[in-house]
Amino acid sequence: MMRYIIIMQKILSLLVMTVVAAMGLSAQDAPHRFDDGHSALDHARMKVHFVQPQEGQLCPDCGEVVRAVHSHAGSPAWGSHYTGKEEQYSRFPVPLSTYAPEESGMSLWQILVHRVQADPFNLAATIVFLLAILHTFATPIFQRMAHKLQKRHKENLLRSKFTILHPDQRVPVSLMSTLLHFLGEVEVVFGLWVVPFCLVCVHYYSLEDFLRYIDHDTSFTEPLFVAVVMLVASSRPIYRLAENTLKLGASLGKGSPAAWWLSVLCLAPLLGSFITEPAAMTLSAILLGKKIYQLKPSASLCYATIALLFVNVSVGGTLTHFAAPPIVMVAGKWNWDMAHMFTHFGWKAVVGIIVANMLYFVVFRKEFRRLAEVQSRLVTAEGGVPTAWEDRQDVIPLWVYAVSIFFLGWTVFFSHHPAIFVGGFLFFLGFTAATPQYQNVFSFKVPMMVAFFLAGLLILGGVQGWWMQPVLQALAELGAEATMCVASVLTAFNDNASVTFLSSTVPNLPEEIRYAIVAGAVTGGGLTVIANAPNPAGQAILGKYFKGGISAGLLLLWALLPTVIMFLMFTLF
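Only a predicted model underlies this, so the values are computations on that prediction, with no experimental measurement involved.

Caption draft 1: Representation of the overall build of the protein. Helix and strand counts for the protein stand at 27 helices and zero strands. For the protein, the proportion of its 573 residues judged to be buried stands at 47%. Total accessible area computed for the protein in this model is approximately 29,000 Å², and 67% of it derives from carbon and sulfur atoms. Considering the protein, the positive charge centre built from 37 side chains and the negative charge centre built from 35 side chains are found 16 Å apart.

Caption draft 2: Geometry of the packing of helix H23 (residues 480–492) against helix H25 (residues 511–523). Here H23 crosses H25 at 35 degrees, and the two axes come no closer than 7 Å. Judged by the sense of rotation from one axis to the other, the crossing of H23 with H25 is right-handed. Between H23 and H25, the residues in contact are Ala480, Thr483, Met484, Ala487, Ser488 and Thr491 and Glu512, Ile513, Ala516, Ile517, Ala519, Gly520, Ala521 and Thr523, respectively. Within the contact of H23 with H25, the residues separate by chemical class into eight nonpolar, five polar and one charged.

Caption draft 3: Main features of the packing of aromatic side chains. With the rule as written, the count across this model stands at 36 aromatic pairs. Ring plane angle 45 degrees and centroid distance 5.6 Å describe the contact between tryptophan 336 and phenylalanine 345, whose orientation is recorded as tilted. Overall, tryptophan 336 belongs to the buried group, its relative accessible area being 3%. Judged by relative accessible area, phenylalanine 345 falls into the buried class, the value being 0%. These aromatic residues form a ring-pair network of at least three members: Trp399, Phe406, Phe407, Trp410, Phe413, Phe414, Phe425, Phe428, Phe431, Phe442 and Phe444. When the ring centre of tyrosine 239 is taken as reference, the NZ or CZ atom of lysine 290 above it lies at 5.9 Å. Its end group placed over the ring of tryptophan 260, lysine 291 keeps NZ or CZ at 4.6 Å from the ring centre.

Caption draft 4: Molecular detail of the nonpolar core. If you look at the biggest cluster of nonpolar residues, it comprises 141 residues, and the most contacted ones within it are Phe121, Phe190, Phe197, Trp261, Leu309 and Phe570. The element best represented in this core is helix H15 (residues 299–316), accounting for 12 residues. Each residue touching phenylalanine 197, except ones within four places of it in the same chain, is listed here: Phe92, Phe121, Ala125, Val128, Phe210, Tyr213, Ile459, Leu460 and Val463.

Caption draft 5: Spotlight on the pattern of salt bridges. Tallied over the full model, the rule gives eight salt bridges. The shortest N-O distance in the salt bridge between arginine 236 and aspartate 394 comes to 2.6 Å. Here arginine 236 is found in helix H11 (residues 236–250), whereas its partner aspartate 394 is found in the loop between helix H18 (365–382) and helix H19 (398–413), with 158 residues between them in sequence. When its relative accessible area of 2% is taken as the criterion, arginine 236 is described as buried. Under the relative-accessibility criterion, aspartate 394 is labelled partly exposed at 30%. Residues joined by salt bridges that share partners form a network here, namely Arg236, Arg392 and Asp394.

Caption draft 6: Inspection of the packing of helix H22 (residues 465–475) against H23 at higher detail. Two elements in contact, H22 and H23, have axes separated by 9 Å at closest approach and are oriented at 160 degrees. One element, H22, and the other, H23, form an angle in the roughly antiparallel class. In the crossing of H22 with H23, the sense of the turn from one axis to the other is left-handed. Residues Trp467, Val471, Leu472 and Leu475 of H22 form the contact with H23, whose participating residues are Thr483, Val486 and Leu490. Looking at the contact of H22 with H23 residue by residue, the classes come out as six nonpolar, one polar and no charged.

Caption draft 7: Here's a closer look at unusual backbone geometry. A cis amide bond links phenylalanine 92 to the next residue, proline 93, at an omega of -10 degrees. With respect to the helices and strands, proline 93 occurs in the loop between helix H3 (80–83) and helix H4 (108–118). One non-glycine residue, lysine 254, adopts positive backbone phi at about 60 degrees. For lysine 254, the position within the fold is in the loop between H11 and helix H12 (257–267). Look at lysine 254 and you get exposed, because its relative accessible area is 81%. Residue asparagine 335 is not a glycine yet carries a positive backbone phi of 60 degrees. Take asparagine 335: it is sitting in the loop between helix H16 (325–334) and helix H17 (338–363). The class of asparagine 335 is exposed, set by a relative accessible area of 68%.

Caption draft 8: Summary view of the side chain of serine 415. Among the structural elements, serine 415 can be located in the loop between H19 and helix H20 (418–434). By relative accessible area, serine 415 is classed as buried at 13%. A polar side-chain atom of serine 415 sits 3.2 Å from the main-chain carbonyl oxygen of valine 412. Filtering out sequence-adjacent residues up to four positions away, serine 415 remains in contact with Thr221, Phe225 and Phe421.

Caption draft 9: Quick peek at a nonpolar patch on the surface. On the surface, Phe342, Trp347, Val351, Val355, Leu359, Leu561, Val564, Leu568, Leu572 and Phe573 cluster together to form a nonpolar patch covering roughly 870 Å² of accessible area. As for its placement among the helices and strands, valine 351 is situated in helix H17. Of the residues examined, valine 351 reaches a relative accessible area of 32% and is grouped as partly exposed.

Conventions we followed
Residues numbered from 1 in each chain as written. Predicted model: local features only at pLDDT ≥ 70, side-chain atom pairs only at ≥ 80, totals over all residues. Heavy atoms only, no water. Helix = DSSP H or I, 4+ residues; strand = E, 2+ residues; numbered from the N terminus. Buried < 20%, exposed > 50% of the residue type's maximum accessible area, 1.4 Å probe, protein only. Areas by Shrake-Rupley, 256 points an atom, 1.4 Å probe, with all protein chains shown as cover. Lys, Arg positive; Asp, Glu negative; His and termini not counted. Charge placed at Lys NZ, Arg CZ, Asp CG, Glu CD. Axes fitted to C-alpha atoms, helices over the stretch in contact; angles between N-to-C directions. Left-handed = near helix turned anticlockwise from the far one by under 90°. Contact = heavy atoms within 4.5 Å. Nonpolar A, V, L, I, M, F, W, Y, C, P; charged D, E, K, R; others polar. Phe/Tyr/Trp six-rings, centres within 6.5 Å; stacked < 30°, edge-to-face > 60°. Lys NZ or Arg CZ within 6 Å of the ring centre and 35° of its normal. Core = buried A, V, L, I, M, F, W, Y, C linked by side-chain atoms within 4.5 Å. Salt bridge = Lys/Arg side-chain N within 4 Å of Asp/Glu carboxyl O. Parallel < 35°, antiparallel > 145°, perpendicular 65-115°, else oblique. Polar contact = N/O pair within 3.5 Å; in protein donor to acceptor, adjacent residues only side chain to side chain. Patch = residues over 30% accessible without salt bridge, like charges linked within 9 Å, V, L, I, M, F, W, Y side chains within 5 Å.

Take a look at the structure:
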């Protein structure tokens, strides 16, 4: 009898569901509130969302007044009413909306002075940020000083007839040389300047506020993602796949250095619109290192190549609305979809990349002929056998390619969920350990240093909105061309994603100003290492080919021409 009752219940439930579906209704369509007679557990059983009791309301389940539940750091210092986004736990930076009531009718300069007077921390934090930027320009000086001291230290060891008495004994190093070398590492700069920034925070606020800012108000998802995607993209199967794909373009020029140079700089940056810019930067830099930089080109071609790479990757991510950070910051708020991005930005970026590459190709055509001769001599001397184990050309099974692509796709798809993509990365490490014959040794140093750089940039750049927002707001009065110029300059001194994010907080921006700000942000993304988040990855991979490190001044100089070309493409068409 019970079996028949159960069967009848199932039939009745199916009939009810059919009627509800026919009427176009569902259980989730009906409103559910905390006081609708159902308990919280009932709502959980029904698999529906319900309006929960807010702070100060009586909970029907427990009969007590609801109180706000916060983390161990205590209640937020600023609620979402003031921040316009998530709650802010640290007292700094003061939400920009709080300044507005007293700034009506003020000029840009008066607004900046008013905000410094209201909170002197603003100026102190920006001074630390500017000193960090100046430090990035001074890193080659520290590198040269470190090399001189190291050379002098070795000479002193020879004069003192230093001998190694035990196999495990280490050769003493110059402490001052090591310290200067540390100061000369670009990837260290912003992380290093977090220390004085912390002192500024403690002076004007408190250590607790600094810790809240780090723990709750700053998201380190992007640095983590860049580090993980660099490691996955640099794995041998992914690299070989990219190499074989771009070889199709290079084969048009019979695999010459010039053909590889054009193929990588024209095609690889566009991958940033699909596999994210950090992955495109990593693959491009590795390929350029093996195909061009190992042939020891002139210093001019070295700088021209890395400058083109930075600019091309920055604008190459504009074909879609979901991959490049400066586009993601505004696409949802401004309703920019893929069609909008390609018609307004994408095709212009493609044409600009080709034009800039061809101009530099003409300039260095003689240099490319010399590199072709160097390549020919190396191939003859090596007899077609690679001298490095990592350059071996044995066949990698298709299933190894497939699994590697899966992990790269997993990382990109869950790029905003660090617990997921880091967990996937641990599985990826297990996969590489299980297939060592098809893998190369990972270098964790470079990705970790890049992540350190970006984390420091996020910490210092996260408190610069007090001056960047009014500057961007004032641009609307200057016209689209002037707006784009200023946006490009601002990008050179801050991550372009920060520029576009702050522009999205400015209300009622005309569409042409929105376009100008985003176009300027991506156009200026190659002017400095800090202008675009993937740039530190490219510098970390290619920096070893530059004697004394990469000069920020020379990088800026060689990036000006492609930047101007991109600027003209975005303004004239």
